Amino acid sequence: LFLKDLAQKTLRGMRGRIEAGKAACGKSFGYDIVRSVDARGEPIRGERAINQAEASVVRRIFTMTAAGARPVAIAKQLNAERVPGVDGRSWRDTTIRGDLKWGTGILRNELYIGRLIWNRSRFIKDPGSHKRVRRMNPEDQWIIEEVPDLRIVEQDLWDLVQVRLSDVRDASGADAPGRPKFHERRRAQHILSGKVFCAACGGTFGATGKDYLGCTAANRQG
């Protein structure tokens, strides 16, 4: 009962931050956490500021995508130039492309156009595995606030990229009726799954062809 009450109070406090145009959770790539105090010496939470160096990388990714570059090619080029990725890690195509349903990834993060969305999803505990499982909330429960001072990408460029992402998705047939779901198409695990690693970089080996394994880091990150 105490934990449930604490969770409700925490969510209420986070919602108040969002409705005030502040951040209520971790920072996205392209922004810095601003630490300051009010007149009483109390910390002001949820302040964010644009990180100009990272923002230029975000704009570059959008510009390259609008010009026709694929996320894999963009990730390889950024890694070849030693451009630091999210949290200093290497770039991956999934980091750039993101997921349409969850609104994740560089190309789908609406904060880059000054639109802050909170409560899109929630986590519940699976009673069988006791692991946290993510579930989507109904759209009428989403909290959306306009934060124009945090805009990084111009609207025309954003719209152009979203059209391109939509065209690529349509061409792939991902939303075609009767198409098997991901879990129905994924390969079965074999005796060497997750146990073979690259001697050069430490990346995991995966099926990169019909009959052979290859370094996934080299294949997808360059």
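See the structure printed just above.
About the cut-offs
Residues numbered from 1 in each chain as written. Predicted model: local features only at pLDDT ≥ 70, side-chain atom pairs only at ≥ 80, totals over all residues. Heavy atoms only, no water. Helix = DSSP H or I, 4+ residues; strand = E, 2+ residues; numbered from the N terminus. Buried < 20%, exposed > 50% of the residue type's maximum accessible area, 1.4 Å probe, protein only. Contact = heavy atoms within 4.5 Å. Polar contact = N/O pair within 3.5 Å; in protein donor to acceptor, adjacent residues only side chain to side chain. Phe/Tyr/Trp six-rings, centres within 6.5 Å; stacked < 30°, edge-to-face > 60°.

Caption draft 1: Focus on unusual backbone geometry. Residues other than glycine seldom take positive phi values, yet arginine 82 does so here, at roughly 60°. The phi angle at asparagine 119 is positive, at roughly 70°, despite the residue not being glycine. Examined against the element boundaries, asparagine 119 turns out to sit in the loop between strand E5 (115–118) and strand E6 (121–125).

Caption draft 2: Representation of the environment of threonine 65. As for its placement among the helices and strands, threonine 65 is situated in helix H2 (residues 52–66). Since its relative accessible area comes to 2%, threonine 65 is described here as buried. When the C-alpha atoms of threonine 65 and asparagine 79 are compared, they prove to be 16 Å apart, with 14 residues separating the residues in sequence. Look past the residues within four positions of threonine 65 in its chain and what remains in contact with it is Ile74, Leu107, Val161 and Arg164. Among the polar contacts listed, one links the side chain of threonine 65 to the backbone oxygen of isoleucine 61, at a separation of 2.8 Å.

Caption draft 3: Local environment of the packing of aromatic side chains. Applying the stated rule across the entire model yields four aromatic pairs. Consider the rings of phenylalanine 29 and tryptophan 91, whose centres lie 5.3 Å apart with planes at 85°: the pair is edge-to-face. Of the two residues, phenylalanine 29 is situated in the loop between helix H1 (2–19) and strand E1 (31–33) and tryptophan 91 in the loop between helix H3 (71–80) and helix H4 (93–97); the sequence distance between them amounts to 62 residues. Overall, the relative accessible area of 7% leaves phenylalanine 29 in the buried class. A relative accessible area of 0% means that tryptophan 91 is categorised as buried. On the basis of an interplanar angle of 10° and a centroid distance of 6.0 Å, the ring pair of tyrosine 31 and tyrosine 112 is categorised as stacked. On the criterion of sequence distance, the pair formed by tyrosine 31 in strand E1 and tyrosine 112 in the loop between H4 and E5 is long-range, its members being 81 residues apart.

Scope: geometric values only; no functional claims are made or implied.
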